[in-house]
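# Structure at a glance
Each chain, letter by letter, is given below.
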Amino acid sequence: MPKTTAYQATIEHISILDEHANFDADLGKGVMTDEQALHLYERMVNCRELDEVAFKLQRSGRMGTYPQNKGQEAAAVGVALALQKGKDWIVPSYRENAALFMHGLPMHYILMYWMGDERGSKMPEGVNVTPLSVPIGTHMLHATGIAWAEKLRGTDGVAATFFGDGATSEGDFHEAMNFASTLKVPTVFIGQNNGWAISVPRSKQMNSETLCQKALAYGMPTVRVDGNDIYAVHYAAKEAVARARAGEGPTFIECVTYRLGDHTTADDARRYRDEEEVEAWRNRDPILRVRKYLTAKGSWDDKRDEALKAKAKKIVAEVVDAAINVTPPETTDFFDDMYASLPEDLRRQRETMRTSSLGQDPSQVGLNAQAASVEGR
Amino acid sequence: MPKTTAYQATIEHISILDEHANFDADLGKGVMTDEQALHLYERMVNCRELDEVAFKLQRSGRMGTYPQNKGQEAAAVGVALALQKGKDWIVPSYRENAALFMHGLPMHYILMYWMGDERGSKMPEGVNVTPLSVPIGTHMLHATGIAWAEKLRGTDGVAATFFGDGATSEGDFHEAMNFASTLKVPTVFIGQNNGWAISVPRSKQMNSETLCQKALAYGMPTVRVDGNDIYAVHYAAKEAVARARAGEGPTFIECVTYRLGDHTTADDARRYRDEEEVEAWRNRDPILRVRKYLTAKGSWDDKRDEALKAKAKKIVAEVVDAAINVTPPETTDFFDDMYASLPEDLRRQRETMRTSSLGQDPSQVGLNAQAASVEGR
Amino acid sequence: MATLNLVQAITLTLQQVMQADERVILLGEDVGLNGGVFRVTDGLQAQFGEHRVVDTPLAESGIIGTAIGLAINGMRPIPEIQFEGFLGPAYDQIVNHAARYRNRTRGAIPVPLTIRVPVGGGIHAPELHSDSPETIYAHSPGIKVVYPTTPSDAKGLLTAAIRDPDPVIFFEPKKVYRSFREEVSEDDYAIEIGKAKVVNEGSDLTIVTWGASLFECLGAMDNAPDDVDIELIDLRTIFPMDIDTIAESVEKTGRCIVVHEAPLTGGMGAEVSARIQERCFLHLEAPVQRVTGFDTIMPFYKLENEYLVDAKRIGSAIAETLAY
Amino acid sequence: MATLNLVQAITLTLQQVMQADERVILLGEDVGLNGGVFRVTDGLQAQFGEHRVVDTPLAESGIIGTAIGLAINGMRPIPEIQFEGFLGPAYDQIVNHAARYRNRTRGAIPVPLTIRVPVGGGIHAPELHSDSPETIYAHSPGIKVVYPTTPSDAKGLLTAAIRDPDPVIFFEPKKVYRSFREEVSEDDYAIEIGKAKVVNEGSDLTIVTWGASLFECLGAMDNAPDDVDIELIDLRTIFPMDIDTIAESVEKTGRCIVVHEAPLTGGMGAEVSARIQERCFLHLEAPVQRVTGFDTIMPFYKLENEYLVDAKRIGSAIAETLAY
Ligand SMILES: Cc1ncc(C[n+]2csc(CCOP(=O)(O)OP(=O)(O)O)c2C)c(N)n1
Ligand SMILES: Cc1ncc(C[n+]2csc(CCOP(=O)(O)OP(=O)(O)O)c2C)c(N)n1
Ligand SMILES: [Mg+2]
Ligand SMILES: [Mg+2]
């Protein structure tokens, strides 16, 4: 028996509301109500407004480096809508702020975080969100573990984790996917493929045309969706979450999207990508197409839209005030949560704000002189 | 436009000389001459003999832990035959001794290595083989880098690397595959899928039915072969090496095989796997089927076979002598190759074989007493 | 009371803790049916089931990373890393995640986690199976590093580590695993993390050590002249370090030797030495001596005994320090 | 002679070395068209092409692991790790492979490799962008750890590192990257690895430091009373350590302070302190003081200045040490 087939696979691509705001009636049927769509629309608008203001805060020196989410809001809200707040978990990267807000993270926490304040990651009770994750690709393992705990306890919570195309190159991505699939835990992996990892394009990041094909390595169900289409994202997320909740294991969802802004405020994307490319994607903006579609449908109009945008400005203005006017941290705050209880030596460091022994115990100063004089006598 | 196809793939399985010694004439045509087959057969027999003797050495306390290759010799020799000695590189794990011997590693080096002697990894000039690798899954990156150097220099050497099914779970496997495919370097990845990682079966190691499907994640050509069939292995290896040499990038070859012995001499496989399973695989022994096939074909006979086995015993006996009678290492050997030139402090440690300051500089001993007595006066 | 070796004491502890606390699970390579390569978890899967004693894929970062997730979501995972040489792939998850979560979330997300790791040389093992990386983790804020030597200390300290609300690396000196037995209480007891143990009282010289080297120190003490009165301290916890017990001893003896397997440069012996001269400067009658591994790769086993500290090297250091 | 800041001095060095040696290639995240996030490799891809200045996938273990392979096969790779906080995923490849190859093959397979890493705090960067892990690698036998502070030292030491036949981690204090300029020779010159530099001669007290803290030490010296005569030593190489230069100085001054950003416990300050009291025991008039980072996670930037050593803390230590 000569050559036979060892393995075969096919992966679907899903698009419902395309960039021209054309809606696929069959596939789109019952994915979400117009009310839900409008809710997601509002969430995206608020998030976008926060991005614009955050950018100005950084430029005016009132905030450190900040990564805009601009252009990628659909994946965040489309997935968040499929998850149960306070029951399911979100293990984010840093480009899905809208999802965190939908699950209870106060908006000003995000600004505090980027203003260099750990209190921006001090999750309020009942907010099942882990902090933004800076070391790329390393946090998805935590989502696998969090989901595993649900399975061990026999509860049916789900853990959804977001990450970028670049993140899939890290070994930890591989291990998080393999553990989740092998242990069959309720994790939903959302790969936000925005085509770039800072200045590195997809083609230099991997030789694979898609992210979704990476799921095949783990025998994990996967689908590729238009990441700028809240309907397509939500369609896939609903399925994945249902499967996870039913104990059928993890799913990998590739959301094809684009970051309309620089990588962060410390970056200048013009150094490495063409304006044409950016322009093309501006036309695929996830926010525009929802507005266009719902307006055409008569479920929305310009007047309400103006009101919404005005409200967004107001909300974000308050958020900025909250972040800027937060009481300054205590000098010693960074000691207090090192351990449940501070070891003696750290307590000494904290009390004296010194590491040198004489600084920690001034009574020692002059000892030698005394000793010498004693000998002198 | 609703659901479309985002990705599609099919992977072939190749078998030429099956476990009943049936030979597929079409596929097997021109894969290798009978002379070559006999050469590989002899290499496998020698390797098997070394395994048996090594086992006894360990049991009789003359060697430390040793991992037998028993049952997996075909992948080693089938690949090694496709590589050019002294030009191509082999980056091994520890179950492909026969491949290393074919590429010039003196057989007694392997014993020296497992006898706790670094000189077993002191590769002779012209032997393009890296040492056995103990940290699982971490060495394939070196093969990717070695191949990359060939590409950068414009030379057409190839780097082949061997590893097990368990090794594919390490993040470094993922990174080695991704770098190789993205940089399009001449690496050949040989996954020896023997179904077990010590006591952990494939099903607890991954949710994927095959190893080969993991290559799809990287857009890397891949094939699955009967790893106990030197013809199938060589067929795939020849193709992969040719493609690599031609600058067409890496290939992943899954060799389906089985370890007939314990994981190592420190292991007792009866704790975790059934005798039936082992028995079934004994019948698929890569050595038996070659002998059977070539004998039936008239290219081999029992008399020559006896002679070959006798020769193998003689060779291995000499190898054991060489390993056991090697001059003992110098006490200070482990200092000498720490750096191209020894830093002053290490030189002091080496000369005195001490780390304590008074041990390194005995002239200091008594200094305090002297000082005291001086003060005393 | 039972007479147990180190392996048995740890197995017993794990069994008792798992019985008492549903949230405790064991995960790692070969820890299930095979009972771990050192048989430390032998029988536990049979007793507690495949869900609580889990054979994971072969990936240390994955083992620790998922354990962190388990801990975040209310479990008390006890991952095993098969040998200390394989902590490497997990370094990032330990140091940059497990150790930081509580602090970076200002207490909102603690990570109670106990990482069990066989450590050290002397068992004729292959490459990368005989290292001593305790300093790497002691220098990484946010993790406690426990390193017991005796079965009874191991039981009390492991119990404390598992109950500790913060991540702990629990090193198990593999050379001691089956080297001797002692009386171990079968009751539930914990030994406070961060407290050294005075193994032997003395007035002439202090020896501070941990792990298998303890027995080399005892050997050196046996060989020392009868009139030499040595105080031997088993540090037991590397971080936080019990400098008070050490300082108290050195203020009495005026002389000190630190003994460990890890390389000299940047090893914890340096920390002990630095702190002693900070705390006991005017009491010191001789420079603190460090008898440690050399600044080399741990050699393959033919030469490992040349590398490891032994009673002879310690004995010479004792004589030299006393004669200084 | 040119007047260059640290970034420019390193760029110039890389350019010169690449011109002189075909085997040298740069690899890392965003080092190509983007010129690295700190622009250290700016313009080099344009000059030397995509094959010699390579944007790799986002995987630090992959960057170092493939660089090891490149080095084994005759190249002289210079990988860049974007920030020291991301050395974590590469720890295993550095410590268990790069550092060991020569020794474990008894010299047959050396790994000439220079790993460039921006290091340290003080630039208001996000989480994990401000750490000081030099001790981790100084305690790992087989790697040299270089940590220059000034542009001219950086040029000479980087040249030496790249020509060194063994793996070197080259830390670049990012706070200094653009903080000042100095005259740098455009000629090809190397500064021997393992030699400290006496920045200022003095007779009352010795300060040993490295990296950005050097400038805090200078600040403290400015604030010190005029009659206080301080000797300042820039260690420049963390491993191998130039203890001779330090000991010579302390034998003269009798007093010493070690200053670094990394946490206190297990930091290289402990090694310096331990070696000083081993070498200069009878000359010491005060305990060696360590002015370092605290044993905590490096705080987010709102509090980073509370964590970092500053002229004030150093100044107090100077006064206290002199008054002891
Ligand atoms: C482990 C690690 N390496 C490098 C970096 C520096 N870095 C920050 S973001 C980034 C690119 C991430 O790209 P991607 O995963 O595609 O996410 P995106 O920013 O495009 O949303 C890099 C290299 C990091 N933060 N962590
Ligand atoms: C990084 C690392 N983790 C764990 C081990 C311990 N160990 C040695 S061999 C082995 C199993 C390897 O299985 P596989 O990759 O399938 O190779 P095989 O032994 O089956 O040929 C394990 C877990 C190791 N050597 N290195
Ligand atoms: Mg991206
Ligand atoms: Mg296997």
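Residues numbered from 1 in each chain as written. Chains lettered and ligands numbered in written order. Predicted model: local features only at pLDDT ≥ 70, side-chain atom pairs only at ≥ 80, totals over all residues. Heavy atoms only, no water.

## Some thoughts on the overall build of chain A
Defined as follows: Each helix corresponds to a stretch of at least 4 residues labelled H or I by DSSP, and each strand to a stretch of at least 2 residues labelled E; elements are numbered beginning at the N terminus. Each residue is placed in one exposure class: buried if its accessible area under a 1.4 Å probe, protein chains only, is under 20% of its type's maximum, exposed if it is over 50%, and partly exposed if it falls in between. In this description, contact between two residues means that some pair of their heavy atoms is separated by no more than 4.5 Å. To measure how exposed things are, a 1.4 Å probe is used in the Shrake-Rupley method; for residues, cover is taken only from the protein chains shown.
Across its full length, chain A holds 16 helices and eight strands. Along the first, second and third principal axes, the C-alpha atoms of chain A reach 100 × 70 × 45 Å. For chain A, with 377 residues in total, the buried portion stands at 64%. Considering only intrachain contacts with a sequence separation of at least 6, the fraction spanning at least 24 residues in chain A is 73%. Counting every atom, chain A has about 13,300 Å² of accessible surface; 50% of that belongs to carbon and sulfur.

## Digging into the interface of chain D and chain C
The condition that has to hold: The term buried area denotes the loss of accessible surface (1.4 Å probe radius) that occurs when two parts are joined, taken as the sum for both partners. The salt bridge criterion pairs a side-chain nitrogen of Lys or Arg with a carboxyl oxygen of Asp or Glu, the two atoms within 4 Å. Identification of polar contacts relies on pairs of N or O atoms within 3.5 Å, with a donor-acceptor requirement for protein atoms, meaning one able to donate a hydrogen and the other able to accept it, and with residues adjacent in sequence counted only if both atoms are side-chain atoms. Any residue outside Ala, Val, Leu, Ile, Met, Phe, Trp, Tyr, Cys, Pro, Asp, Glu, Lys and Arg is labelled polar, Gly included; the first ten of those are nonpolar and the last four are charged.
Facing 50 residues of chain D, the contacting portion of chain C comprises 50 residues. Interface of chain D and chain C: buried area, both sides summed, is about 4,300 Å²; carbon and sulfur atoms make up 58% of it. It is D:H139, D:F281 and D:I297 that lose the most area in chain D upon contact with chain C, and together they represent 17% of the buried surface on that side. Taken together, the connections running from chain D to chain C amount to eight salt bridges. Between chain D and chain C we count 24 residue pairs in polar contact (both at pLDDT 80 or more) in total. Listed by contribution, the elements that provide at least two residues to the side of chain D that touches chain C are helix 4 (91-98), helix 5 (101-104), helix 6 (134-138), strand 13 (256-263) and helix 10 (268-279) of chain D. With eight residues, helix 10 of chain D is the largest single contributor of residues to the side of chain D that touches chain C. Per-class residue counts for the side of chain D that touches chain C are 24 nonpolar, 14 polar and 12 charged.

## Focus on the site of ligand 1
Convention followed: In these notes, residues near a molecule or strand are those with any non-hydrogen atom within 4 Å of it.
What surrounds ligand 1 is a group of 20 residues, the closest being A:Y94, A:R95, A:D165, A:W196 and D:E60. Two or more chains meet at ligand 1, and those chains are chains A and D. Contacts to ligand 1 include A:Y94, whose side-chain N or O atom sits 2.7 Å from an oxygen atom. Contacts to ligand 1 include A:N194, whose side-chain N or O atom sits 2.9 Å from an oxygen atom. Bound to the protein, ligand 1 loses 96% of the 590 Å² it would expose on its own. In terms of residue class, the shell around ligand 1 is built from 10 nonpolar, five polar and five charged.

## A word on the pattern of salt bridges
Applying the stated criterion to the full structure yields 105 salt bridges over all chains. In this structure, A:D345 and A:R348 form a salt bridge, with 3.3 Å as the shortest nitrogen-oxygen distance. A residue pair is termed a helical-turn pair when its members lie 3 or 4 positions apart in one helix, as A:D345 and A:R348 do in helix 14 (residues 344-352) at three residues. Just as A:D345 is buried, A:R348 falls in that class too. One salt bridge connects B:E73 with B:R48, and the closest N-O pair in it is separated by 2.6 Å. Here B:R48 lies in helix 2 (residues 34-59) and B:E73 lies in helix 3 (residues 73-80), a separation of 25 residues in the sequence. Each of A:E344, A:D345, A:R347, A:R348, A:E351, C:E271, C:R275, C:E278 and D:R290 takes part in salt bridges that share partners, so that together they form one network.

## Digging into the relation of the copies chain D and chain C
The line we're drawing: Superposition of the copies was done by least squares, using only C-alpha atoms of residues whose pLDDT is at least 70 in both.
If you rotate chain D by 180° and push it 0.0 Å along the axis, it lands on chain C with an RMSD of 0.0 Å. The two molecules are tied by a two-fold rotation axis, judged by turn and shift. Interface overlap between copies: 100% of the residues of chain D at the interface are likewise at the interface in chain C, consistent with a symmetric, same-surface contact.

## A word on the packing of helix 2 of chain B against helix 3 of chain B
Residues and elements named next belong to chain B. The condition is simple: Axis lines are fitted to C-alpha atoms, over the contacting stretch for helices. Their N-to-C directions set the angle, which ranges from 0 to 180 degrees. The scheme is simple: roughly parallel for angles under 35 degrees, roughly antiparallel for over 145, roughly perpendicular for 65 to 115, oblique for anything else. Handedness of a crossing follows from how the near helix is turned relative to the far one, being left-handed for an anticlockwise turn of less than a right angle and right-handed for a clockwise one.
The N-to-C vectors of helix 2 and helix 3 enclose an angle of 135°; their axes lie 10 Å apart at closest approach. Taken as axis vectors, helix 2 and helix 3 run oblique relative to one another. Seen along the crossing, helix 2 lies across helix 3 with a hand that is right-handed. Across from L40, R43, M44, C47 and R48 in helix 2, the residues of helix 3 making contact are E73, A74, V77 and G78. Its residues assigned to classes, the contact of helix 2 with helix 3 shows five nonpolar, one polar and three charged.

## Overview of the nonpolar core
Operational definition: To qualify as a nonpolar core, a set must consist of buried Ala, Val, Leu, Ile, Met, Phe, Trp, Tyr and Cys residues joined through side-chain atoms within 4.5 Å.
Core analysis: the biggest nonpolar cluster contains 438 residues, and C:Y137 and D:Y137 have the highest contact counts within it. Those residues in contact with D:Y137, other than ones at most four positions away along the chain, are D:L87, D:Y91, D:I94, D:V95, D:I143, D:V145, D:I169 and D:F171.

## Considerations on the coordination of the magnesium ion (ligand 4)
Think of it this way: four donors in a tetrahedron around the metal ideally sit 109.5 degrees apart, and six in an octahedron ideally sit 90 or 180 degrees apart. Residues and elements named next belong to chain B. In plain terms, the rule: Water is absent from the atoms considered, so a metal site may look incomplete; donors are defined as N, O and S atoms within 2.8 Å of the metal, or 3.2 Å for Na, K and Ca.
Each protein donor to the magnesium ion (ligand 4) is listed here as D165 (OD), N194 (OD1) and W196 (O); together their distances run 2.0 to 2.1 Å. All donors of the magnesium ion (ligand 4) belong to a single chain; written as a sequence motif, their spacing is D-x28-N-x1-W. The pair N194 / W196 is uniform in exposure class, with both members buried.

## A few points about the interface of chain B and chain C
Contacts between the two partners involve 50 residues from chain B, matched on the other side by 48 residues from chain C. Of the roughly 4,100 Å² buried where chain B meets chain C, counting both sides, 59% is carbon and sulfur surface. When residues of chain B are sorted by the area they lose upon contact with chain C, B:R271, B:F334 and B:T355 head the list and together hold 16% of the total. Taken together, the links from chain B to chain C amount to four salt bridges.

## Quick look at helix 5 (residues 107-114) of chain B
Think of an α-helix as 3.6 residues a turn; residues three or four steps apart then line up on the same face. Residue and element names in this part refer to chain B. For helix 5, the buried fraction is high: seven of the eight residues fall into the buried class. Where helix 5 is concerned, the buried positions are M107, Y109, I110, L111, M112, Y113 and W114. Summarising the contacts, the buried residues of helix 5 are in contact with helix 2, helix 4 (97-102) and helix 12 (302-324).

## So, the site of ligand 2
Around ligand 2 sit 20 residues in total, of which B:Y94, B:R95, B:D165, B:W196 and C:E60 are the nearest. Ligand 2 sits at the junction of chains B and C, each of which supplies nearby residues. Between ligand 2 and B:A167, the relevant distance is 2.9 Å, taken from an oxygen atom to a main-chain nitrogen or oxygen of the residue. Here B:N194 contributes a side-chain N or O atom positioned 2.9 Å from an oxygen atom of ligand 2. Bound to the protein, ligand 2 loses 95% of the 590 Å² it would expose on its own.

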